[in-house]
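Chains, contacts and geometry: an overview
What follows is the residue order along each chain.
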Amino acid sequence: MTALLAYTIFGLVTGGAYAVVAGGLVLTYSTSKVFNVGHGAIGMVMAFLYWELAENRGLPQWLALLLVVGVCAPLFGLLIERFIMRRLAGAPVGITLVAGVGVLVGLIGAAQAIWPPEARPVRPFLDQYGIHIGQSYVSGHDLVTLACAVLVAGGLYVLLNRTRTGLAMRACVDAPELAALYGTRPNRLSALSWAIGSALAALGGILLTPVVQLDYVTMTLLVITAYTAALVGRLRSLPLTFVGALGLGLVQSYAVAYLPSSPFWISFRAAIPALLLFVVLLAMPQSPLRIGGVRGSRGVTVPSGLATGVGAALFLGVVVVLALLVDKVVAGQLALGLVFGIVLLSMVLLTGYGGVVSLGQFTFVGVGAVTVARLGGSPWTLVVGAVVAAAIGAVIALTALRVSGLYLALATLGFAQLMDKLVLQSPIAFGVRGSLQVPALFSSTAAQLVLVAVVFALVGAGVLMIRRGRLGRRMIAVKDSSAACATLGMNVRWIRVWVFSLSAAIAGLAGGLFAQLRETVAASDFQLFNNLPLLLFAVIAGVTSVSGAALGGLLLMLLPVLQSGFPAFAGAAVVLLGVAAAGLARDPNGLMSWFFRAWSWRRA
Amino acid sequence: MSTLRVEGVTVRFGEVTAVNDVTLSVDVGVTGLIGPNGAGKTTLFDVISGLRKPSAGQVLLGDADITSWGPHQRSRQGVARTFQRLEVFGSLTVWENVVVALESRRRPARLAAELLERVGIAEFSSNQADTVPTGAARLLELARALATDPSLLLLDEPSSGLDRAETDAFGELLRELVGEGRSVVLVEHDMDLVMGYCDVVHVLNLGRLLTSGTPSEIREHAGVREAYLG
Amino acid sequence: MHRSAALIALVVCALLAGCGSRLTAEQRAALAVPQGGGSVVQDGSVPVEDGAAPGSDGTAGQPGSDGTAGQPNKQPNPPGSIAGGCQGTGGATDKGVTPGEITIANISDISGPVPGLFQAAQQGTKAFVEYFNATQGAICGRKLKLVSFDSRTDSGGDQQATSQACEQAFALVGSMSAFDQGGGPAATACGIPDLRASTVTAQRQRVPVSFGAASNVVNLVSTAGPDLVKSTFPGAIGAAAYLYLNADASAQNARSMQKAAEARGIKFVYTQAIDIADVNYAPYVAKLKETGTKIVYWIGSGQYAVRLQQAMRQQGYTPEAFITEPSAYDPQYIKQGGAAVDGTVVYTNGALFEENNAQVTLYKQWLGRVAPGAAPTYFGMFAWAAARLFVQTAAKVGPQLTRKAMLDAVRGVHDFTAEGMVAPQDVGGKRTSACMTLVRLKGGAWSRLAPASGYACGSLIDTGVGG
């Protein structure tokens, strides 16, 4: 009995930390409709700043806390709101997500540049206090965490439900013009919510740091866990979020206590947040078909069949020349860039045309890679890999049919996490040694490059053919108005299942190519985290065009190379990327459309 | 036997009852559905086309109870509609908008040009649909709905954005459609259009069916004058 | 009004952040590798050619060797040189070999999610190369030239760097990467001798050209470790717990080592993997208390070891021993963990930095030159040892230095100690070292726990995990 009590207390403490983080997420979402993927990264940077002040400069803890949470974090939130998020009001989900990813990638880069790795212990709060409950001990810091959670939840509840500002904040999400009736300007409300959200991220980060240690990525991962809590409250209800956070903490604590520690249960335990995320999403009511208002986006001009053929031939010509000229290393890099390009082509179909944002595309790449690795070296295994990925894509589409938009994107994230923990990391995928060897289809890197380029050209031409044809028109019609599509006799859900599987098939094909190019593959190659830069580069380069996919793939390949070769420059580049992403985000046609425009001016 | 019957349909949004126990039927010809803003006309269209499940009541098409059918199933049984707040596919061209609808019912794409000609917006064929004027976009929605060869056509304020001449042409088109044996339900604010072309008119007010009758009966109805015509 | 207040606050923040970065810039400078090295090239993708920047140290520092990589070094080696008396010259006998120079490459994790993860291995290799070129003459007339690559904590990075090194270098020396399976196929394909500081993944351990100076393989565990623990904590072996980070190599090593410990009679009452995303370790501690655990084993990086022990301290739980892997044998670990990690026991099969060892002294001394302020570490020590093994073996092969001859020679190395720097390693046989020492952290300093001197040696158990 005392044991149960102890696990309950620990669960509540963990839940309290989740609650602080999730509360900030919900606040910014419910007032600005931007789901801030970078929330954890803000917390991380602010925790570093806190370390700088409290530990490195010796300020009193309370003063450092006050400066960071009360001054720096809100100001940072204001900056983000002013320069990035404000412009995104009413933008599609994919774009608001990408802005958050940009912030995240930029902040991690900045933190690594400003605070290079070294041991940075951070003292807990009220270390000398604490209470014994039965066998277990609740430290002063735990109590502070719990107290903060309660205060935050209560404070936010009062703010949103009992004050004029709060009511106006909630009103202005759905109808900014209505907020004017409250005598407040929407911009100011949005700024306020970002300031508070950022302060809460900082508070969460600082509270967690003595427990999880100061680190660039851990905090970001923890916040993904907190998404589940935020979803329990449907990203709107603070009390439910609070309940969800505590529940999640309790479940995790009880799981340690009462689940067996065999390998399966170990992976199961790690998958609990993702499982819950899925359950919550599936329990959500059917998203209504959105009615009202013309939506459309000006894509880049779709080339005709002839132009596609000429373009593909030119592209292959250039690649063949490059393959003959460049050395092995560069050829290998280009080939990898084009493989990433094929992954991005799968997103052109899914996101660019279909309007569905996936945060789990790397999972399908992993599935294709595993299949090829398991079945060995014939070119046909590439096709099998694509088929298996397509089947799994159909499964996710079918399970997540009920939800759309942001919820669908989060469902793909949860799905990717589940696949990672339960399948890719288990011996059924990459074997007992954790990695598999894959025979290369060609031993020469130049031949590899040409092979990948041919596949890229074929898939690219295929994607354009789809766009020009019946399925492409349907996909875009569904994106613009699923309600109208339904009244015209289309089964909107089946179209989505089709798009998902087709896109997964392309990603799976890329995965097979990736595997034989790498020659070894392991679960670590398909980490959840990799999905974030993928989406970022897709949007920066242009998620509506084949050339955008090629450019994005090359950039994605170059990023780690630059980070390694020019650490200082890369830090700045990553920050710039983040900002660029946010700036470009309004235009899903990305960098590529700038080139197209420049080209057409020149001709005009 | 009527084409469509709506029996005791009620739609609640939380505390608000948008449609309250409405029963009416639609036969071949033009049926008008009028009422002040917020009377529940568009909500009733959403229920008939399947975009919204009623809180209570039934929708019958011919003999079949279609209350639980999805919108795409109803479309395949001949129900088509346009939207008060436009729902054209903005990223596609005007021509592609119609082709999508044709393909959805496995009809040949070449019919698209004919349909655009028929509603009178052939000149916009290759324009991206989010760039055409509102009136043309409404006619595009009509062409798109016609592309499914519907037996029951629900038109939600089709004439707003049309000038006088265009409205008259639209009226003639309505007659032609009825001549082809289709039922048309018209939600309209343009009383000349309603009174000039409708065979039967239903009046909704605050979610309830106020009265039904021929245009001349409606014109004389005191309650209607009070609630609506003022 | 409030706008100016915001501005002031912004400036305050900027100043705070600015001061921070200035200070850390100094620290960075203190840690930074000097850039003037003509012979040691620090670059991930585009190595600078040695001849382009002559005149500072290493080969280029030798009089008359500027731009003369093609000329053998004719000066006799100093007496007692590692490279021995080999004075013959064999010309350009293989890739990366010229009459006057052997190019070797080091591929280690420098950038990535944990920046500088295995920088110590690269620094250790570099220190040895500097030391050798400056004081030990040449290997059959050839000086050493080191090219450094960054494997970016990513298997793709390792693959890319390996195929690059295949073209540029004769051998890989002192490398260390977390995802070292990536470079395996490339190394096999080009047949490049690969003398690693340590081989992390089971996959790389099976690559025919790869050998670890720390010759451990996952499935072979020495009885020395469990036996030392048994003799040191006799009252506790009935109640041990194995906790490990549920990530890649850690999990496999933990399972294998637990099996071996069980085979030697240590009884485990609790086994648990901790996920990277776990927040609160208190439930694990409660479980440790509940099961009455007296010895806690931990496999996983030091950061997580610190977290676990802080939770243990907080819950007032102190086992008789907290035993972890030698990556914790690092001053950063003490700094991060403070009092909470006091009492940590680390097993190691290398010399103790606190004891007198000639080779360790050399390593520290030259590490200080190439990376001022850097502390000696376990992996750095093995990188140094790997470089030393390379030179010894190359000298033994003689003037006709080829990759194949080198590999044959390495396969014959079975009791390598780097002049007493490390416990005997069966490098050529790829069998885990049978010998071990326990070190304990007490009062912020490491000291020998057992045996009283040297190493305790046992036999190897094949646990069948990851083999």
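Here the structure is a predicted model, which means the values were calculated and not measured.

As a further point, take the overall build of chain A. In terms of helices and strands, chain A carries 25 helices and 4 strands. Rg of the C-alpha trace for chain A: 24 Å, near the compact-globule value of 25 Å for 604 residues, within the 12% margin. Long-range pairs, those at least 24 residues apart, make up 81% of the contacts in chain A with a sequence separation of at least 6.

A word on the overall build of chain C. Assigned secondary structure in chain C consists of 14 helices and 17 strands. Out of the 467 residues belonging to chain C, those deemed buried represent 61%. Long-range pairs, those at least 24 residues apart, make up 70% of the contacts in chain C between residues at least 6 apart in sequence.

Ala450 of chain C connects to Pro451 of chain C through a cis peptide bond whose omega is -10°. Along the chain, Pro451 of chain C falls in the loop between strand 15 (445-450) and strand 16 (456-457). The phi dihedral of Leu235 of chain A falls on the positive side, at around 65°, and the residue is not glycine. Mapped onto the elements, Leu235 of chain A comes out in the loop between helix 9 (218-232) and helix 10 (238-258).

Attention now moves to the environment of Gly88 of chain C. With respect to the secondary-structure elements, Gly88 of chain C resides in the loop between helix 2 (58-61) and strand 2 (97-98). Separated by 51 residues in the primary sequence, Gly88 of chain C and Ile139 of chain C place their C-alpha atoms 9.0 Å from one another.

Residue and element names in this part refer to chain A. Direction vectors running N to C along helix 1 (residues 2-32) and helix 8 (residues 186-212) enclose 165°, while the axes themselves pass 8 Å from each other. Compared by their axis directions, helix 1 and helix 8 come out roughly antiparallel. Classified by chirality, the crossing of helix 8 by helix 1 is left-handed. For the pair helix 1 and helix 8, the contacting residues are Ala17, Val20, Val21, Gly23, Gly24, Leu27, Thr28, Thr31 and Ser32 in the first and Leu189, Ser190, Ser193, Trp194, Ile196, Gly197, Leu200, Ala201, Leu203, Gly204, Leu207 and Leu208 in the second.

Glancing now at the sheet that holds strand 9 (residues 200-205) of chain B. All names here are of chain B. Strand order across the open sheet formed by 6 strands is 6-7-8-3-9-10, with mixed pairing between neighbours. Bordering the open sheet on either side are strand 6 (79-81) and strand 10 (208-213), each of which pairs with just one other strand. Between one strand axis and the next, the sheet turns by 20° as a mean value, whatever way the strands run. Note that strand 3 (residues 29-34) and strand 9 share 4 bridges and pair parallel. Directly across from Leu33, in strand 9, lies its bridge partner His202. With respect to the sheet, helix 1 (residues 41-49) is in contact with strand 3, strand 6, strand 7 (152-156), strand 8 (183-187) and strand 9, its orientation differing from that of strand 7 by roughly 150°.

Taken together, the contacts link 68 residues of chain C with 63 residues of chain A. For the side of chain C that touches chain A, the leading source of residues is helix 1 (residues 2-31) of chain C, giving 11 residues. Classifying every residue of the side of chain C that touches chain A by side-chain character gives 23 nonpolar, 32 polar and 13 charged.

Below, the discussion takes up the pairing of strand 13 (residues 344-348) of chain C. Residues and elements named next belong to chain C. Of all 5 residues making up strand 13, 5 are buried, and the element is well covered by its neighbours. Neither face of strand 13 is exposed, since Thr344, Val346 and Thr348 on one face and Val345 and Tyr347 on the opposite face are all buried. Handedness of the strand 12 (residues 321-324)-helix 11 (residues 331-337)-strand 13 crossover: right-handed. Looking at chain direction, strand 13 and strand 14 (residues 435-442) are connected through 4 bridges and run antiparallel. Bridge pairing links Thr348 to Thr437 in strand 14.

In this section: the environment of Gly360 of chain A. All names here are of chain A. Tracing the chain through its elements places Gly360 in the loop between helix 13 (328-353) and helix 14 (361-375). Assessed through the 26 C-beta atoms surrounding it within 10 Å, Gly360 is described here as buried. Spatially, the C-alpha atom of Gly360 lies 6.1 Å from that of Asn531, the residues being 171 residues apart in sequence. The contact partners of Gly360, leaving out residues within four places of it in the chain, are Thr412, Leu413, Phe415, Ala416 and Asn531.

Right, let's talk about the sheet that holds strand 2 (residues 16-26) of chain B for a bit. Residue and element names in this part refer to chain B. Sheet architecture is open: 4 strands sit in the order 2-1-4-5, paired in antiparallel fashion. Strands with a single pairing partner mark the edges of an open sheet, and in this sheet they are strand 2 and strand 5 (64-65). Alignment of strand 1 (residues 4-13) against strand 2, held across 7 bridges, turns out to be antiparallel. In the sheet register, Val9 faces strand 2, and the bridge partner there is Val22.

This part covers the nonpolar core. Judged by nonpolar contacts, the single largest core of 452 residues is most densely connected at Met46, Val68, Val339 and Ile342 of chain A. With residues up to four places along the chain from it excluded, the contact list for Met46 of chain A reads Val68, Cys72, Ala73, Ala201, Ala202, Gly205 and Ile206 of chain A.

Looking now at the packing of helix 2 (residues 39-56) of chain A against helix 8 of chain A. Residues and elements named next belong to chain A. Here helix 2 crosses helix 8 at 60°, and the two axes come no closer than 7 Å. Classified by the interaxial angle, the pair formed by helix 2 and helix 8 is oblique. Like other packed secondary-structure pairs, helix 2 and helix 8 cross with a definite hand, here right-handed. Contact residues: His39, Ile42, Gly43, Met44, Met46, Ala47 and Tyr50 in helix 2; Ser198, Ala201, Ala202, Gly204, Gly205, Ile206 and Thr209 in helix 8. Tallied by class, the residues present in the contact of helix 2 with helix 8 amount to 8 nonpolar, 6 polar and no charged.

Our focus in this paragraph is the interface of chain B and chain A. At the junction of the two partners, chain B supplies 30 residues and chain A supplies 25 residues. At the level of elements, helix 2 (71-76), strand 6 and helix 3 (94-104) of chain B are the ones that each hand at least two residues to the side of chain B that touches chain A. Among the elements that line the side of chain B that touches chain A, the one with the most residues is helix 3 of chain B, at 6 residues. For the side of chain B that touches chain A, the per-class residue count stands at 12 nonpolar, 9 polar and 9 charged.

What follows deals with helix 8 (residues 248-263) of chain C. All names here are of chain C. Taking 1.5 Å of rise per residue, the 16 residues of helix 8 would be expected to cover 22 Å, and the 24 Å separating its terminal C-alpha atoms lies within 8% of that figure. The buried fraction of helix 8 amounts to 12 of the 16 residues, a majority that puts the element mostly inside the structure. By the burial criterion, the buried members of helix 8 are Ala249, Ser250, Ala251, Gln252, Asn253, Ala254, Arg255, Ser256, Met257, Gln258, Ala260 and Ala261. Positioned one or two residues after helix 8, Gly265 has a phi angle of 95°, which is positive.

It is worth spelling out the confidence of the model for chain C at this point. All names here are of chain C. Across chain C, the average pLDDT comes to 84, with 84% of residues at or above 70. When the elements of chain C are averaged for pLDDT, helix 2 gives the smallest value, 35, and strand 5 (residues 171-173) the largest, 97. Note on residues 1-68: pLDDT is under 50 here. Beyond four places in sequence and across chains, it has 95 contacts. Across the interface, the model reports ipTM at 0.92; the global pTM reads 0.89.

Residues and elements named next belong to chain A. Mapped onto the elements, Val138 comes out in strand 2 (residues 136-139). We classify Val138 as buried; it has 22 C-beta atoms within 10 Å. Taking the C-alpha atoms as reference points, Val138 and Val13, separated by 125 residues in sequence, lie 8.8 Å from one another. Discounting residues that sit within four places of it in the chain, Val138 has contacts with Ile9, Gly130, Ile131, Ile133 and Leu143.

Here the focus is the pairing of strand 8 of chain B. Each regular strand shows side chains that alternate between the opposite faces of the sheet. All names here are of chain B. With 5 of 5 residues buried, strand 8 is to be regarded as a mostly interior element. The alternating pattern of strand 8 places Ser183, Val185 and Val187 on one face and Val184 and Leu186 on the opposite face, and all of these are buried. The sheet contact formed by strand 7 and strand 8 spans 5 bridges and is parallel. Residue pairing in the sheet places Leu154 in a bridge with Val185 of strand 8. For the crossover that starts at strand 7, traverses helix 6 (residues 164-179) and ends in the parallel strand 8, the hand is right-handed.

How each quantity is defined
- Residues numbered from 1 in each chain as written.
- Chains lettered and ligands numbered in written order.
- Predicted model: local features only at pLDDT ≥ 70, side-chain atom pairs only at ≥ 80, totals over all residues.
- Helix = DSSP H or I, 4+ residues; strand = E, 2+ residues; numbered from the N terminus.
- Rg over C-alpha atoms; globule rule 2.2 N^0.38 Å.
- Contact = placed C-beta atoms within 7 Å.
- Buried ≥ 20, exposed ≤ 12 C-beta atoms within 10 Å, placed from the backbone.
- Axes fitted to C-alpha atoms, helices over the stretch in contact; angles between N-to-C directions.
- Parallel < 35°, antiparallel > 145°, perpendicular 65-115°, else oblique.
- Left-handed = near helix turned anticlockwise from the far one by under 90°.
- Pairing = 2+ DSSP bridges.
- Nonpolar A, V, L, I, M, F, W, Y, C, P; charged D, E, K, R; others polar.
- Right-handed = clockwise from strand over helix to strand, strands pointing away.
- Core = buried A, V, L, I, M, F, W, Y, C linked by C-beta atoms within 7 Å.
- Expected span 1.5 Å × (residues − 1).
- pLDDT = per-residue confidence, 0-100.

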